[in-house]
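Listed below, chain by chain, are the residues.
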Amino acid sequence: MSNTIRLTGIASGMDTDTLIKQMIDAEQIRVDKVKQGKQYAEWKIEGYRNTINDIRGFKDNFFDFLKPKNNIRSPQTFNTYKVNLGSDDNNRYLDISANKLSDLANKNIKSITKATTASVTGSELSKAISGNGDLNITAGTRFDMTFNGVKKTIEINDISELQGKINEAFGENKVTVENDGGKISFSTENTNTLKLSEVEGNIGLRNLGFYNDATSEYSNLTNKIDLNQNISAIKETFGNSFALSDNGKIEFKINDIEFSFDPSSTSINDIIKEVNNNKDLQANMKYDEINDKLTIESSATGYASELKIEDMNNSSFISNVLASGTFHGTDSKLEFDDGTVIERSTNNFQIDGMTFNLKENVSNANMDISINNDTAKTKETIVSFIEKYNELVDNINGKLSEKTFRDFKPLSDAQKEDMKESEVEKWEEKAKSGIMKDERALDSMLSSMRRALYESVEGAGISLNDMGIQTTENYRERGKLVIKDPEKLDKALAENSDKIAHLFTNQSDNYAEKGISHKLFDIIESNISTTGEKGTLIKKAGIEGDRTEFNNFLKDKVDDFDDRIDDLIEDLARKEEYYYQMFAKMEQALSRMNNQSAWLTSQMGG
């Protein structure tokens, strides 16, 4: 529309703006009609995409090999078995599942031995808190003791008071004092943390014999080694002394992988981290804080899992803080009372259609194994499939038969401005109703699915009807399934599980021999596939997150409507300008006539 400022109706006295607006409003109807067409197309895209998502959800539930529990394309879904171990208490020792009637059924398990990793644990890492025997207790000897994070100052006048003062501070039997000929030591449970320190301005720990004059250093003042401190700085606090390599380093190898560390810049945690970060080693080192020990363990179980640990270049670090030598894991062993023995390197293994998960060692197990068809589980899958199929059919049928309110068309912008938001919502709800009515693509897909369910599968020897499953008698429900005879279904599952599996899952290039689930899957893919040849519904409306979102039949229609709207708006602007020009010429003519009339009147003396 033009932004020109116009002064109209001066000569004629006519409301030119109103007249032109009325003339333009008649033309605006054409624009609004095209916009309605665009809105219908956008609503239809929304309707199709909602339906596509419903179909995808149905497909993900029952046709996905990554979800074997409900995958109706898998024979195992219809040939399920339940393993009984005689007593539920036996499930603490092992789990067993089966996908066939195994020869191991009806046997008795005599004993269970779990496979273990190769592992080794060192001795206590930290040296005990112990003085050097150089006692010199004076009145007012004071020092700080921190027990499990709680710090107290201990003050004594004689060594005989020491245990009592500590008991007063932390309670009895928490920290034990030993006096071996003047050599004082403190001990506590491994689960506790104990640390000594000087009180500022006091030399209590020196008086207790915890200072070495020769080295000008305190003896070990904590029962737990500092894992983050450089090893050189805490070397004297290790429970077992060790030598460095010929070049002054800590050097060792595990499973022929060499490690070398500078003790002046390396902590215990640094060593643990580097060992664990070596993916080729397939082992894990850790510090056991409760027992104050280093442990290393292989990732795999079984005798073939090996840890070969040795020092290098005269370093004795690894053999003194951990261990040296070759260490093996052990194999699992499942022994039956008839002499059958199964040995494996892991605790999870399969044999003769059975999967074993060993959880706990037990001798004299006396567990009887029995295997039965688990018809309840198969029935649960079939019932769930019928429910979700019926929900999908209901959803699509509802859209195909939804009532159309022809008097409620998409609102124009001007109409929305004159209505409340709630009124607009109610209007558009009716305007959208029936937008998918009689859509041939959806109707065709439903018809194909109904045929797939009731066409015979050659070689199966059974049908849904033989299983007590039929369509509802209400023709308005258009193909929904119902379990008409539950007893018939139970009997079919108990006596013909192989035939039912064939009916659903048989794969064949011959359509007549193809199982129901594969027929349904093909129909679904032909409608919603986004790879290769696009599905019919995808071609129609596309799907978000895929290139078809902007490349589909209905989006092309929307784009076409946009082009037509742009053309009509441009045409509208030209017509508006034309009308103003015409009225301007009329005003000019009237102005000239008025001027002439005034001149004539003046000439006639009027």
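See the structure printed just above.
Scope of this entry: the structure provided in the associated data block. None of the values given here were measured: they were computed from a predicted structure.

Moving on to the overall build of the protein. Tallying secondary structure elements over the protein gives 14 helices and 26 strands in all. Here the C-alpha radius of gyration of the protein, 44 Å, is well above what a compact globule of 606 residues would show, namely 25 Å. Based on the C-alpha atoms only, the size of the protein along its principal axes is roughly 145 × 95 × 50 Å. Out of the 606 residues in the protein, the part that is buried amounts to 39%.

Time to look at the layout of surface pockets. By volume, the largest pocket amounts to about 690 Å³. Y218, S219, N220, L221 and T237 are, among the 31 residues lining the largest pocket, the residues nearest its centre. Counting residues per element, the ones that place at least two in the lining of the largest pocket are β6 (141-147), β10 (194-197) and β12 (217-218). The element best represented in the lining of the largest pocket is β10, accounting for 4 residues. Counted as a void, the second largest pocket has a volume near 340 Å³. Lining the second largest pocket are 18 residues, with Q76, T80, A98, N99 and K377 sitting closest to its centre. Residue assignment for the lining of the second largest pocket shows that the elements contributing at least two residues are β1 (81-84), β2 (94-98), β22 (354-358) and α6 (375-400). Each residue belonging to the lining of the second largest pocket can be placed in one class, and the counts come to 4 nonpolar, 10 polar and 4 charged.

A side chain with one charge may pair with a side chain of the opposite charge, provided their charged atoms come close. Under the counting rule described, the total for this entry stands at 21 salt bridges. In this structure, the salt-bridge partner of E155 is R142, at a minimum N-O distance of 3.5 Å. Of the two residues, E155 sits in strand β7 (residues 150-156) while R142 sits in strand β6, which places them 13 residues apart along the sequence. When its relative accessible area of 29% is taken as the criterion, R142 is described as partly exposed. Salt-bridge contacts for D490 lead to K379; the nearest nitrogen and oxygen are separated by 3.0 Å. One end of the pair, D490, is in helix α10 (residues 486-495); the other, K379, is in helix α6, with 111 residues separating them in the sequence.

Moving on, we come to the packing of α6 against α10. At their nearest, the axes of α6 and α10 sit 10 Å apart, and the two run at 125° to each other. It follows that α6 is oblique to α10 by the angle criterion. α6 and α10 meet at a crossing whose hand is right-handed. Listed contacts from α10 to T375, T378, K379 and I382 of α6 are L489, D490, L493 and A494. A per-class count over the contact of α6 with α10 returns 4 nonpolar, 2 polar and 2 charged.

Next up on the list: the sheet that holds strand β19 (residues 332-336). The strands making up a sheet associate through backbone hydrogen bonding, with each pair oriented either parallel or antiparallel. Spatially, 4 strands are ordered β20-β19-β3-β23 in an open sheet, and the strand pairing comes out antiparallel. The sheet is open, and its two edges are formed by β20 (341-344) and β23 (367-368), each paired on a single side.

Our next topic: the sheet that holds β6. One open sheet holds the 3 strands; their spatial order is β7-β6-β10, and the pairing between them is antiparallel. The sheet is open, and its two borders are formed by β7 and β10, each paired with just one other strand. Here the strands of the sheet are splayed against their neighbours by 25° on average, with no regard to which way each runs. By the bridge criterion, 7 bridges tie β6 to β7 in an arrangement that is antiparallel. Looking across to β7, one finds that T146 is bridged to K151.

For the rest of this paragraph, the subject is the environment of I396. Examined against the element boundaries, I396 turns out to sit in helix α6. By relative accessible area, which is 0% here, I396 ends up buried. Residues I396 and T531, 135 residues apart in the sequence, show an inter-C-alpha distance of 24 Å. Not counting residues within four places of it along the chain, the set of residues in contact with I396 comprises T51, L442, M445 and L446.

Here we come to the nonpolar core. Core analysis: the largest hydrophobic core is formed by 61 residues, its most contacted members being F58, M467, L503 and L537. For this core, the secondary structure elements donating two or more residues are α1 (16-62), α6, α9 (440-454), α10, α11 (497-505), α12 (516-528), α13 (536-541) and α14 (553-603). For this core, the element with the most residues is α1, which contributes 10 residues. Once residues lying within four places of it in the same chain are set aside, the contact partners of L503 are V457, A460, I462, S463, L464, M467, G515 and I516. Judged by nonpolar contacts, the second largest core, of 32 residues, contains F238, I250, F252 and I271.

This part is about a negative patch on the surface. A contiguous patch of negative charge, built from D556, D560, D563, D566, D567 and E570, is present on the exposed surface. Turning to its location among the elements, D567 is positioned in helix α14.

Right, let's get into the pairing of β2. Of the two faces of β2, only one is covered, namely that formed by L94, I96 and A98; the face formed by D95 and S97 stays uncovered. Two strands pair when backbone bridges link them, and β2 and β22 are joined in this way by 5 bridges, in the antiparallel orientation. Bridge pairing links L94 to L358 in β22.

What follows is about helix α2 (residues 162-170). Each full turn of the α-helix corresponds to 3.6 residues, which orients residues three or four apart in the same direction. Of all the residues in α2, the buried ones are L162, I166 and F170. All buried residues of α2 fall inside an arc of 45° around its axis, so they share one side. In this structure, the buried side of α2 is in contact with β6, β7, β8 (176-180) and β9 (183-187). The positive-phi residue at the C-terminal boundary of α2 is G171, with phi of around 100°.

Cut-off values and rules
Residues numbered from 1 in each chain as written. Predicted model: local features only at pLDDT ≥ 70, side-chain atom pairs only at ≥ 80, totals over all residues. Heavy atoms only, no water. Helix = DSSP H or I, 4+ residues; strand = E, 2+ residues; numbered from the N terminus. Rg over C-alpha atoms; globule rule 2.2 N^0.38 Å. Buried < 20%, exposed > 50% of the residue type's maximum accessible area, 1.4 Å probe, protein only. 1 Å grid on protein atoms, 1.4 Å probe; cavity = no way out; pocket = protein on both sides within 12 Å on 5 of 7 lines; lining within 4 Å. Points joined across faces, edges and corners; volume = space filled by probe spheres on them. Nonpolar A, V, L, I, M, F, W, Y, C, P; charged D, E, K, R; others polar. Salt bridge = Lys/Arg side-chain N within 4 Å of Asp/Glu carboxyl O. Axes fitted to C-alpha atoms, helices over the stretch in contact; angles between N-to-C directions. Parallel < 35°, antiparallel > 145°, perpendicular 65-115°, else oblique. Left-handed = near helix turned anticlockwise from the far one by under 90°. Contact = heavy atoms within 4.5 Å. Pairing = 2+ DSSP bridges. Core = buried A, V, L, I, M, F, W, Y, C linked by side-chain atoms within 4.5 Å. Patch = residues over 30% accessible without salt bridge, like charges linked within 9 Å, V, L, I, M, F, W, Y side chains within 5 Å. Areas by Shrake-Rupley, 256 points an atom, 1.4 Å probe, with all protein chains shown as cover. Lys, Arg positive; Asp, Glu negative; His and termini not counted. Charge placed at Lys NZ, Arg CZ, Asp CG, Glu CD. Arc of directions from axis to C-beta.

Spatial relationships are all this shows, so hold off on functional conclusions.
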